[in-house]
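If you want the building blocks of each chain, they are given just below.
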Amino acid sequence: MEACRLEREQDLGPVAILAVAGYINNEGGEAIAAAGRQILAEGKKAILLDLAQTRIINSIGISLLLELLEACLAAGVVLAFCNLHPSVAKTFQVMGLAQYARIFGSRGEALEALSGL
Amino acid sequence: MITASRFHRSCELSPGESGEAQALVLLEELRRAFGLPGEALADFRLAVVEACLNALEHGAPPVQVMVTGQRQGSELRVVVEVVDHGPGFEPETVPRPELPAKLASPRKRGWGLEIMRRLADRVTVSSHPGQTRVKLVRVLRG
């Protein structure tokens, strides 16, 4: 399985963008959570995780994403996801993630909605 | 294309980083053997990963995985069994995770069994001290 890779891309105004590829397991989840904490410290208003290149997130990765979500909620920062593979979308549906995080079909849709924050 | 009518492979998972990935190699072999499209078992893969993670984390070695596929008419039945030799558990006592409660709790784990139940067509757990067997079934039609 392809190891998780994470790249912080150019911010768009108040939105920080993290492109994630590969298997989100404990290591991948920790890397995302650490990058997210860094962004929170910068005072951004939204963190967008683009999961176009991610096919699978295991339950350890999920728990680490929830730690980031908890921190975002506490800071009043929007955590958003886009480009979900159907199996990732189903995983998020099982969790009920859409109650607390924003989910968009594409990066363009996400940035259009979030850049005005 | 000539495809199989029956498939059976097994392996023993190595503990350590991504031991669960070994089970997915077998599932991928099955997919190819039956000539299934690339995403045919996408959801089911995560159910298999979670069964393996539970066995590796909470069970004891050896952790064995058996992957079986059988085509009957237009139906393909895929069965993955994960067996460990740990202390066992009572699946009915495992609470169903709720996101609001998880967000409020320092313990954010505990999604594995729920994911298995929701992403496989059928999940059977038989567990007693010394052996836990999780059986996941996916039926593909057409």
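Residues numbered from 1 in each chain as written. Chains lettered and ligands numbered in written order. Predicted model: local features only at pLDDT ≥ 70, side-chain atom pairs only at ≥ 80, totals over all residues. Heavy atoms only, no water.

(A) Structural view of the overall build of chain A. In terms of helices and strands, chain A carries 4 helices and 5 strands. Helices and strands in chain A line up, N terminus first, as β-β-α-β-α-β-α-β-α. Computed over C-alpha atoms, the radius of gyration of chain A comes to 13 Å, within 12% of the 13 Å expected from 2.2 N^0.38 for 117 residues, which places it in the range of a compact globule. Of all 117 residues assigned to chain A, the portion counted as buried reaches 53%. Residue pairs at least 24 apart in sequence account for 68% of intrachain contacts in chain A once pairs closer than 6 positions are excluded. Taken as a whole, chain A presents about 4900 Å² of accessible surface, with 49% of it coming from carbon and sulfur. (Helix = DSSP H or I, 4+ residues; strand = E, 2+ residues; numbered from the N terminus. Rg over C-alpha atoms; globule rule 2.2 N^0.38 Å. Buried < 20%, exposed > 50% of the residue type's maximum accessible area, 1.4 Å probe, protein only. Contact = heavy atoms within 4.5 Å. Areas by Shrake-Rupley, 256 points an atom, 1.4 Å probe, with all protein chains shown as cover.)

(B) A look at helix α4 (residues 112–119) of chain B. Counted residue by residue, α4 of chain B has 6 buried out of 8 residues, so it is predominantly covered. On its buried face, α4 of chain B is in contact with α2 (59–75) and α3 (86–95) of chain A together with α2 (42–58), β4 (122–128) and β5 (131–141) of chain B.

(C) The layout of surface pockets, seen in detail. All names here are of chain B. Within this model, the largest pocket holds a volume of roughly 560 Å³. N54, H58, F89, V94 and R107 are the residues nearest the centre of the largest pocket, which is lined by 27 residues in total. Going through the elements one at a time, α2, β3 (75–84), α4 and β5 are the ones with two or more residues in the lining of the largest pocket. It is α2 that provides the largest number of residues to the lining of the largest pocket, a total of 4 residues. Residue composition of the lining of the largest pocket, by class: 12 nonpolar, 9 polar and 6 charged. (1 Å grid on protein atoms, 1.4 Å probe; cavity = no way out; pocket = protein on both sides within 12 Å on 5 of 7 lines; lining within 4 Å. Points joined across faces, edges and corners; volume = space filled by probe spheres on them. Nonpolar A, V, L, I, M, F, W, Y, C, P; charged D, E, K, R; others polar.)

(D) Representation of the nonpolar core within the structure. I47, L49, L51, F81 and F92 of chain A together with F44 of chain B are the most contacted members of the largest nonpolar core, which has 70 residues in total. If sequence neighbours within four positions are ignored, F44 of chain B has contacts with L27, V78, V80, L119, A120, L136, V137 and R138 of chain B. Core analysis: the second largest hydrophobic core is formed by 10 residues, L48, F104, A110 and L111 of chain A among them. (Core = buried A, V, L, I, M, F, W, Y, C linked by side-chain atoms within 4.5 Å.)

(E) Quick look at unusual backbone geometry. Backbone torsion omega between P61 of chain B and P62 of chain B reads -5 degrees, so that peptide bond is classified as cis. Structurally, P62 of chain B can be placed in the loop between α2 and β2 (63–72). Positive phi outside glycine occurs at N83 of chain A, with the angle close to 60 degrees. Its place among the elements puts N83 of chain A in the loop between β4 (78–82) and α3.

(F) Quick look at the pairing of strand β3 (residues 46–53) of chain A. Residue and element names in this part refer to chain A. Along β3, 6 of the 8 residues are buried, which leaves the element largely enclosed by surrounding structure. Alignment of strand β2 (residues 15–21) against β3, held across 6 bridges, turns out to be parallel. Following the sheet pairing, A19 is matched in β3 by D50. Crossover handedness for the path β2 to helix α1 (residues 26–42) to β3: right-handed. Where β3 meets β4, 5 bridges bridge the pair, whose relative direction is parallel. Counted as the bridge partner of D50 is C82 from β4. (Pairing = 2+ DSSP bridges. Right-handed = clockwise from strand over helix to strand, strands pointing away.)

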